[in-house]
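# Tertiary structure, described
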Amino acid sequence: MSLTPADLDSFIAEDLGLRAGAHQLRSRRPLVPLSSTHVRIGDVDYVNFASNNYLGLTHHPRLIAAAEQSLRRDGLGSGAAALITGHTATHAQAKTDIARWKGTQDSVLLPSGYQANHAAVQTLVALGEKSGGVRFLIDKLAHASLLDAVRGASAEFRVFPHNHLAKVERLLADAPPNQLQVVLTESIFSMDGDAADLAGLVELKQRRPFILLLDEAHSSGVYSARGADISVVTLSKAMGSIGGAVCGSTQFCAALVNYGRAYIFSTSVPPWVAAVASEAIAVMRDEPQRAARVRSLARRVRQAVGLNGDTPIVPVILGEEAQALEASRKLGEAGLLVPAVRPPTVPKGSSRLRITLSCDHTDPEVEHLLDILAEMKRQLG
Ligand SMILES: Cc1ncc(COP(=O)(O)O)c(C=O)c1O
């Protein structure tokens, strides 16, 4: 006899109960955004060290004005997929602006970075099917959306140890002669805040040809990475809004419009999202002090927790899930919102605090965070 909906519900209750027992249950808390760096949960206000709003653009008056103007001009939604009637003049302008900003021939705008990664991978798989096949080499710490994309496309893939270019080279050396090799990695890793060895990859490409698909979700707007053949950027993090874009050659973007199922079979982003993307690029150009400040705050925090560099994602690795949850709770008591990131998002035994910085954090807010972290460290001995 097949399962009833009630059977399914009791199966789910049992499964989620196990997750809760392992401190891995995920849930949401409704919050009220108060500003680019402050939120209210219940009746408590927090400084938000959990958002990817690195440049504070979520609340930038110029972006809000651009959205309002587009809303009045273009309406709310785009009403159809891009290949039907969802590609407005505002979308066309945004894709040109994004490509110019990234220094690529063209770009394609999608509803999310997640979909952008899927569409890029689907396009490469479709092209591989018409030639000698394709194999993806994916960094072990690369984002779930890249792995899901490869798995979802039933593509051949190999995972290489994090940033292990010697292993990548060995895999490339073993590749069948006509098979397209695609290296998938991130410019700034989302949970560790460290960087891909882009110079090493570019150098390797001279010796062993491959396509470099770089997920720039966390570096777009904060750094300008160069060297990728295909870049995926998100508009949802430093750029303050929502959406993603695949940036590459004219030919690759034309292929994506034809073969990227995540693009073809989804309604295009609302025109106001496209308008905001163009405005975010203009603001980033006009206000470079935003990226400079978030990087300088990041350097300060990273130094304090014993890390080099200036990327605004700062992991504080604590080990077990319960420890990370307890640390997050303590910071919360001090009015600081810092999430505990646990498996399966990060490997078992590496549960952590994930602190993210914004240029809009004030110096006293950052000092307060550092004081609490230092206090917690003393208590741990
Ligand atoms: C590295 C990375 N790639 C892609 C994505 C997906 O981007 P989006 O949130 O715009 O769907 C994320 C978002 O969490 C990410 O961290």
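Residues numbered from 1 in each chain as written. Predicted model: local features only at pLDDT ≥ 70, side-chain atom pairs only at ≥ 80, totals over all residues. Heavy atoms only, no water.

Turning our attention to the site of the ligand. Taken together, 15 residues form the shell around the ligand, and within it Gly113, Asp215, His218, Ser236 and Lys237 come nearest. The separation between a nitrogen atom of the ligand and a polar side-chain atom of Asp215 is 2.5 Å. At a separation of 2.6 Å, an oxygen atom of the ligand approaches a polar side-chain atom of His218. For the ligand, whose free accessible area comes to 390 Å², the fraction covered by protein is 83%. Considering each element in turn, the shell around the ligand owes the most residues, three residues, to helix α5 (residues 113–129). When the residues that make up the shell around the ligand are grouped by side-chain class, the tally is two nonpolar, 10 polar and three charged. (Near = heavy atom within 4 Å. Polar contact = N/O pair within 3.5 Å; in protein donor to acceptor, adjacent residues only side chain to side chain. Areas by Shrake-Rupley, 256 points an atom, 1.4 Å probe, with all protein chains shown as cover. Helix = DSSP H or I, 4+ residues; strand = E, 2+ residues; numbered from the N terminus. Nonpolar A, V, L, I, M, F, W, Y, C, P; charged D, E, K, R; others polar.)

Bringing a nonpolar patch on the surface into the picture now. Together, Leu8, Phe11, Ile12, Leu16 and Leu25 make up a nonpolar patch on the protein surface, roughly 430 Å² of accessible area in all. For Leu8, a relative accessible area of 43% corresponds to the partly exposed category. (Patch = residues over 30% accessible without salt bridge, like charges linked within 9 Å, V, L, I, M, F, W, Y side chains within 5 Å. Salt bridge = Lys/Arg side-chain N within 4 Å of Asp/Glu carboxyl O. Buried < 20%, exposed > 50% of the residue type's maximum accessible area, 1.4 Å probe, protein only.)

The next point concerns the domain arrangement of the chain. Interface size, as often reported, equals the accessible area lost upon joining of the parts. Each assigned domain of the chain is listed with its residue range as follows: domain 1 (29–54 + 312–380) and domain 2 (60–285). Roughly 930 Å² of surface becomes buried between domain 1 and domain 2 when both sides are summed, with 63% attributable to carbon and sulfur atoms. The largest share of the area that domain 1 buries against domain 2 comes from Asn52, Tyr54 and Ile313, three residues that together contribute 46% of it. Between domain 1 and domain 2 we count one salt bridge in total. (Domains from an automatic or database assignment. Buried area = accessible area lost by both parts, 1.4 Å probe.)

Residues Phe49, Ile98, Leu331 and Leu369 are the most contacted members of the largest nonpolar core, which totals 50 residues. There are two domains that each give this core at least three residues, and those are domain 1 (29–54 + 312–380) and domain 2 (60–285). Residues within four places of Leu331 in sequence aside, it is in contact with Leu336, Val338, Leu353, Leu369, Ile372, Leu373 and Met376. (Core = buried A, V, L, I, M, F, W, Y, C linked by side-chain atoms within 4.5 Å. Contact = heavy atoms within 4.5 Å.)

Attention now moves to the pattern of salt bridges. Applying the stated criterion across every chain, the model contains 23 salt bridges. Here Glu287 ties to Arg290 by a salt bridge, and the two come within 2.6 Å at their closest N and O atoms. The exposure class of Glu287 is buried, given its relative accessible area of 16%. Residue Arg290 is classed as buried on the basis of its relative accessible area, which comes to 17%. For Asp310, the salt bridge is made with Arg295, and the minimal N-O distance between the two is 3.0 Å. One end of the pair, Asp310, is in the loop between α12 (289–304) and β11 (313–319); the other, Arg295, is in helix α12, and 15 residues separate them in sequence. By sharing partners, the salt bridges in this structure join Arg62, Glu279, Arg285 and Asp286 into a single network.

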